[in-house]
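Given next are the chains, with one letter for each unit.
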Amino acid sequence: MTLKLHGRYLFPLLVAIWCLISWYGTSWYADQKSNSVITSNQEAMESDSLALFQAFEERLNYLASLPALISRDPRIIKAVERYSHVQAIRAAGNDLKAYWSNQPDLAMLNRELNALANELAVDVIFVLNAEGYSIASSNSETSGSIVGTKLTDRHYYQAAIKGEKAHQYAVGRKTNVPGLYYSAPITLNGERHGVMVVKLDILNFQSLLAPYHAYLTDNNDVIVLSSHSSYLQHILNNARFLSLSEEERQLQYKRSEFPVLPVQPWNGGTTISLLRLGDLPYPVLTTERQIPGGDLVSHLFQAVPEIPLIQRERYIFATITALAGIAVLYMLMQLINYLQNLHRSKSYAEAESLKLQESLSDRENELRRLAFVDTLTQLPNRNALLGHLATLIPETLSDGRYGALFLINMDSLKLINDRLGHTAGDHILTEIAVRLPDAAARNNYVARLAGDEFVVIHLTTAATEQAATIAAKQFGHDMLSRITAPYLVNDHTVHMTASVGVTLFGSKLTVEPDALLAEVDAAMYEAKHSHRGGIHFFDDQVRQALEGRAEMANRLLFAVRANHFFQVYQPQINQEGRVAGVEALIRWQDDILGNVSPATFIPLAETLHIIADIDRWVLTQACITAGQWQKDPVLREVPISINVSGEFFSMKGFVDEIASAASLHNAEPSQLMIELTEGTLIADSEQNQRNMAELHRRGFKVAIDDFGTGNSSLSYMRRFNVDQLKIDQSFIRDMLSDERSLSIVEFIIKLANSLNYNTLAEGVETTEQHLRLKTLGCDLFQGFLFSKPLAQDGCESYIRSLLEQ
Ligand code: C2E
Ligand code: CA
Ligand code: CA
């Protein structure tokens, strides 16, 4: 739960945090960088500002010294003495300018002042008399001549007439040219007779500003000189100019308004000192300093074009850092997710395997039960019967009683199956089980032996064989009339007949369960074939028939010696429809008995203990075939399964025999599959275990034959490592009509998958069975649907014919 929660919100949260870190981190970095750039620029600017100040100081000191020097000229002193009275000139009706200009000595002075001005590199030099009128000027010859002009309102006059040296920034009254005026009193014998003035036009300072980004403002914050001409005739923010009266504005500037130089803080700037000047695309730093004399202020500014670059760089950097971080986070989250999924699927797999383990042990019990119970009727099966007989007979013998063993074979069940279907057949079989004597009664035992065969054991109370025979007859007839009474199936009334064989046991009579079953089987056979139904006792006649089997045994012993067998192979088909193996099956053709089914003679050979010889013969044939196939590129891929009896398998030299047969005929062990029945493996002897391990060590494959019919024990399956489970034909036959058979098939396939065995379905006769098994995941199929067992050459052609399809 917590993991899920993390997974959902953790990523966006981390991304958000990382974006913040990238943003502020790069911002901090950019600030650091900007600050150092600003500091170094500021230092450069301050030193420029000082240099500019010193340049001004030098020029202005020189300028300041000029008026006093010039004023000492005796001609000037004489002129101010002589032309001190304005009143008289005016009274005589003279124009001041014309009057003074026409005076020969003043005209001379004018010329000398003009020459001096050129020499001293100043713009105007002029002389004011005591009343503040300009009597002589270096520019008297020009249109801007100042001669005759009254300048009493000027500070440079007012201060100098009081005896001080003075200076002033002002706009020329006649010329309209702004400049710096420097003045000194003209004294004679301690009295002040006039004022000497030197003016330098402000434009003369242009060359001082030129190396810098700078402008000069006057006392009213009006820009009077600028290295950038576009800033000229502008005022600063909140300039003092704005508080001047209209009259003062006109007097000093001859205009009433100036545009304001746009200066703002640099947008978004973290440093206040950065300014945006006009529409410059980069910020500037500014510093101001009073020009010596205090009339003007220099404003120096320093462009810092690195700042926008740093900011752009910072955005890029922030974006890259954020994206890179997000990518790393994303990969990290994917990794964590992957690890979590791994962990989850691991625990899922663990939980699944635990579930499987549980279901396996449930199924194990179920299979164990199934081993002794008939799935259709729930009656004990053949295994259970044999076990029961083995304990019952000694008991019966010990208390001197007789028991009767009945073998009931329903005559026409096959017909019913064919006509009404297997479900109807199954229905009748379960109904028979109900009608048979009550198995719960102390004296009775009921079992289902095979498809249509049941066994009933009845313990009589008779003390003699004769009385026992009578009681058995009575019991048998009652039973027969019950089970042959009509059956109702799907609105059909069905009449059934049955053949019943009976044999007595106890006291001096036969005691071996196998022999007992052989007797009752023979009696039943007699009832069916000689008497067409009804009950038949095991008698001499039957005994003779049984002896026929003894003859068969003789013939079989002879056949083993004389080699009267031949081998056939039944193909096994995989999911792709190709032959993926063959099963070797033995055939016996006897001169007298004709074709005898292995289902008949193999059990006989087992009781005669000649089965190992038969198996050896089969083994040799199979190895010869496998050796031949080894040389063929197609056939070498097809393994051969060999049926091996329990008796042969448990022999000491078993594996050696197989291995030497294989190597003698050049057969590959991996191409030979040994089929063993569950019964063989259950006999859990040390020899069997050794043989099993040794088979595997040498590369042979092992299959469990007729799987599901024996006493299946998962414990042996875990102990022995087998390669294939062959699902018994009986389940395949019934799986489409009987739920239980189907679920057993399903279970076996699931079990095999979990243990990594492959599965083979035996006795596949219909397409429906094949398709169903295919969807259930069964690996291989064997049965008449594909092919009957074939002679070797027929089988080889069959294999090739499927490859060509
Ligand atoms: P099995 O090992 O279960 O062999 C399969 C039997 O099923 C064969 O019977 C085969 O002919 C038969 N069969 C194959 N497909 C179908 C089908 O679609 N429907 C039906 N109803 N039957 C099918 P077969 O050859 O008569 O052999 C009977 C049994 O005899 C075998 O059963 C096996 O237990 C034993 N047997 C046969 N050959 C040998 C052998 O060489 N050595 C040993 N020890 N036993 C053998
Ligand atoms: Ca087999
Ligand atoms: Ca089989």
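Our structure's up above, just so we're on the same page.
Every value quoted in this text rests on a predicted model; they were computed, and no experiment measured them. (Residues numbered from 1 in each chain as written. Chains lettered and ligands numbered in written order. Predicted model: local features only at pLDDT ≥ 70, side-chain atom pairs only at ≥ 80, totals over all residues. Heavy atoms only, no water.)

Enquirer: Describe in detail the coordination of the calcium ion (ligand 2), supporting the description with residues and values.
Expert: The coordination sphere of the calcium ion (ligand 2) contains the protein donors E583 (OE), N643 (OD1), E675 (OE) and D705 (OD), at a distance range of 2.1 to 2.3 Å. Site description for the calcium ion (ligand 2): donor spacing in sequence, E-x59-N-x31-E-x29-D. Between the calcium ion (ligand 2) and the calcium ion (ligand 3), both coordinated by D705, there is a metal-metal distance of 4.0 Å. Of the two residues, E583 is situated in strand β20 (residues 579-590) and N643 in strand β22 (residues 640-643); the sequence distance between them amounts to 60 residues. (Donors = N, O, S within 2.8 Å, 3.2 Å for Na, K, Ca; no water. Helix = DSSP H or I, 4+ residues; strand = E, 2+ residues; numbered from the N terminus.)

Enquirer: I'd like a rundown of the sheet that holds strand β14 (residues 453-459), residues and numbers included.
Expert: Taken together, the five strands give an open sheet; going across it, the order is β13-β14-β12-β17-β18, and neighbouring strands pair in mixed fashion. The two strands at the open ends of the sheet, each matched to only one other strand, are β13 (444-450) and β18 (534-537). Geometrically, the sheet is characterised by an average inter-axis angle of 20 degrees between neighbouring strands, direction not taken into account. In the sheet, strand β12 (residues 403-410) pairs with β14 via seven bridges, with the strands oriented antiparallel. Across the sheet, the residue bridging to L407 is V455, located in β14. (Pairing = 2+ DSSP bridges. Axes fitted to C-alpha atoms, helices over the stretch in contact; angles between N-to-C directions.)

Enquirer: Summarise unusual backbone geometry; cite the residues concerned and give the values.
Expert: In this structure, N238 takes a positive phi of about 55 degrees despite not being glycine. With respect to the helices and strands, the residue N238 is situated in the loop between β7 (223-226) and α8 (246-253). Note on N238: relative accessible area 73%, which makes it exposed. (Buried < 20%, exposed > 50% of the residue type's maximum accessible area, 1.4 Å probe, protein only.)

Enquirer: Would you mind going over the sheet that holds strand β2 (residues 134-137) in detail, with residue names and values included?
Expert: With antiparallel pairing, the five strands of this open sheet are ordered in space as β2-β1-β5-β4-β3. For this open sheet the edge positions go to β2 and β3 (166-171), each flanked by a neighbour on one side alone. Taken over all neighbouring pairs, the strand axes of this sheet differ in orientation by 25 degrees on average, direction set aside. Note that strand β1 (residues 124-129) and strand β5 (residues 191-201) share six bridges and pair antiparallel. Each residue of the ladder has a partner; that of N129, found in β5, is G194. Strands β1, β2, β4 (178-188) and β5 of the sheet are contacted by helix α2 (residues 74-82), whose axis makes an angle of about 85 degrees with β4. Across the sheet, helix α5 (residues 104-120) lies against β1, β2 and β5, angled at about 55 degrees from β2, the strand it touches most. (Contact = heavy atoms within 4.5 Å.)

Enquirer: Describe the coordination of the calcium ion (ligand 3), listing the residues and the values that go with them.
Expert: Surrounding the calcium ion (ligand 3) are the protein donor atoms D705 (OD), D706 (OD), E762 (OE) and E762 (OE), at 2.1 to 2.5 Å. Each donor residue of the calcium ion (ligand 3) belongs to the same chain, and together they define the spacing D-D-x55-E.

Enquirer: Mind laying out the site of ligand 1, listing which residues take part and the relevant values?
Expert: For ligand 1, the set of nearby residues contains 20 residues, the closest of which are R587, D615, Q729, E765 and F784. Within the side chain of D705, one N or O atom sits 3.0 Å away from an oxygen atom of ligand 1. Interatomic distance of 3.4 Å between a side-chain N/O atom of E762 and an oxygen atom of ligand 1. The protein chains hide 82% of the 790 Å² of surface that ligand 1 would expose on its own. Those elements that provide at least two residues to the shell around ligand 1 are β20, α16 (598-607), α17 (611-630) and β24 (701-707). Considering every element that reaches the shell around ligand 1, the biggest residue donor is β20, with four residues. Across the shell around ligand 1, the residue classes break down as eight nonpolar, five polar and seven charged. (Near = heavy atom within 4 Å. Polar contact = N/O pair within 3.5 Å; in protein donor to acceptor, adjacent residues only side chain to side chain. Areas by Shrake-Rupley, 256 points an atom, 1.4 Å probe, with all protein chains shown as cover. Nonpolar A, V, L, I, M, F, W, Y, C, P; charged D, E, K, R; others polar.)

Enquirer: Describe the pairing of β7, naming the residues involved and giving the relevant values.
Expert: Two elements, strand β6 (residues 214-217) and β7, share three bridges in a ladder whose sense is antiparallel. Note that in β7 the partner of T217 across the bridge is I223. In textbook terms, the turn of a hairpin is the stretch between consecutive antiparallel strands, and for β6 and β7 this stretch comprises five residues, one of which, D221, has a positive phi near 65 degrees.

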